Amino acid sequence: MSLRTPICDLLGIEHPIFAAGMGGVTMAPLAGAVSAAGGMGVLGATFCTADELRAQIRAVRRLTDRPFGVDLMFPGDIPPDLGARQVAPLPDFLSDMLPRIAGLSGTPPPPLTLELARAQLQVVLDEKVPLLASGLGTPAWMIEACHRAGTKVLSLVGSARQARKVEAAGVDIIVAQGMEAGGHVGSITTMVLVPAVVDAVKVPVLAAGGIIDGRGIAAGLMLGAQGAWIGTRFIATPEATAHDNHKRRILEVDEDGTVVSRCYTGKTSRVLKNEFTERWKGRDAELLPMPWQRMRVESLVAPAKAAGLLDVANFPTGQGAGAIRDMLPARELFDRLLAETRKALGR
């Protein structure tokens, strides 16, 4: 049974299964493996410098000659003088966590400025990457630049209203990402969101959020999507550039092991539930908007993440982790997803 859908022809891939562009996790080893298997791997390159991004793109091309993508952020609310502004101090109720990171390495990522975004985009265009994905803003200047260079543009949305807006702006593909997903999410579930977006737009739609096996992929196809955008399931692979503690915790948690919180970035994000997220409960008034919240806590969070401190660090993870119980090489996982999807559709 063929799983080929029109989006496969649009992008030149064999199967409509995408490894989501998870920042710092879907790097060259994972993106390259998924593309080589016939799907599409998407580099999670948000906090890469231009030189680092170019190196990652070329590393993918050493692994495969098949199409792949790059995921970047173009948030429209980042002030131009971000790097010069003073960062708020770490809240007092977190200060007792500081001894846990004493002596640890792990520097905060660079500020997410428009200058960085433009430099990253130029690398994508220079390197003729087939697909650019954007999750927190899809400005017209970026879409126009991509289309002039022959690069397709994908945008992630959490509502049908957002989908209509980005379609009008000119994007080629939309990911309807339900609140079950890891990372930045909205408030609508995948089962409700996917058909709403499919009905609202004419461009191809991918389903995302809580999809960790072939049953989920088949469900997305039955709801009208042309494929699946999968994140958390691909973290549990040797190729994912995630800390081993994160991978192990994914195999351990149940469906209640994640929480949606603004405490790490200032925007609602689904992450592993831990002591850090619990301490922010009832403190909404103390949260800062993006990017100030991330910058405020990164002196604590960045070293903790580098060391895999699960009780402190930000580990974006979807609710589907509750059903993930094994770690497989990316190619083996990809083949299993295909087989499971065919079986589910065959029923």
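Presented here is an overview of the structure given in this document.

In this section: unusual backbone geometry. Here the bond from Met-290 into Pro-291 is cis, since omega is 5 degrees, no more than 30 degrees from zero. Even without glycine at this site, Lys-128 takes up a positive phi of about 55 degrees.

Among all positions in helix α5 (residues 140–149), only Met-142, Ile-143, Ala-145 and Cys-146 are buried. One face of α5 carries all of its buried residues, which in axial projection span an arc of 165 degrees. Summarising the contacts, the buried residues of α5 are in contact with α4 (114–126), β4 (131–134), β5 (152–157) and α6 (160–169).

As a further point, take the packing of aromatic side chains. Overall, the coordinates contain 5 aromatic pairs when judged by the stated rule. Aromatic side chains Phe-74 and Trp-141 sit 5.8 Å apart centroid to centroid with 80 degrees between the ring planes, which places their arrangement in the edge-to-face category. With a gap of 67 residues between them, Phe-74 in the loop between β3 (69–72) and α4 and Trp-141 in helix α5 connect regions that are remote in the sequence. On the basis of relative accessibility, which here comes to 5%, the residue Phe-74 falls in the buried class. Assessed through its relative accessible area of 27%, Trp-141 is described here as partly exposed. Ring centres of Phe-276 and Trp-280 lie 6.5 Å apart, and the angle between their planes is 50 degrees; on these two criteria the pair is classed as tilted. As far as burial versus exposure is concerned, Phe-276 and Trp-280 are alike and both buried.

Taking strand neighbours around the barrel as the criterion, the 8 strands line up as β1-β2-β3-β4-β5-β6-β8-β9 in a closed arrangement whose pairing is parallel. Ignoring strand direction, the axes of neighbouring strands in this sheet form an average angle of 25 degrees. Where β4 meets β5, 4 bridges bridge the pair, whose relative direction is parallel. Counted as the bridge partner of Leu-131 is Lys-152 from β5.

Cut-offs applied
Residues numbered from 1 in each chain as written. Predicted model: local features only at pLDDT ≥ 70, side-chain atom pairs only at ≥ 80, totals over all residues. Heavy atoms only, no water. Buried < 20%, exposed > 50% of the residue type's maximum accessible area, 1.4 Å probe, protein only. Helix = DSSP H or I, 4+ residues; strand = E, 2+ residues; numbered from the N terminus. Arc of directions from axis to C-beta. Contact = heavy atoms within 4.5 Å. Phe/Tyr/Trp six-rings, centres within 6.5 Å; stacked < 30°, edge-to-face > 60°. Pairing = 2+ DSSP bridges. Axes fitted to C-alpha atoms, helices over the stretch in contact; angles between N-to-C directions.

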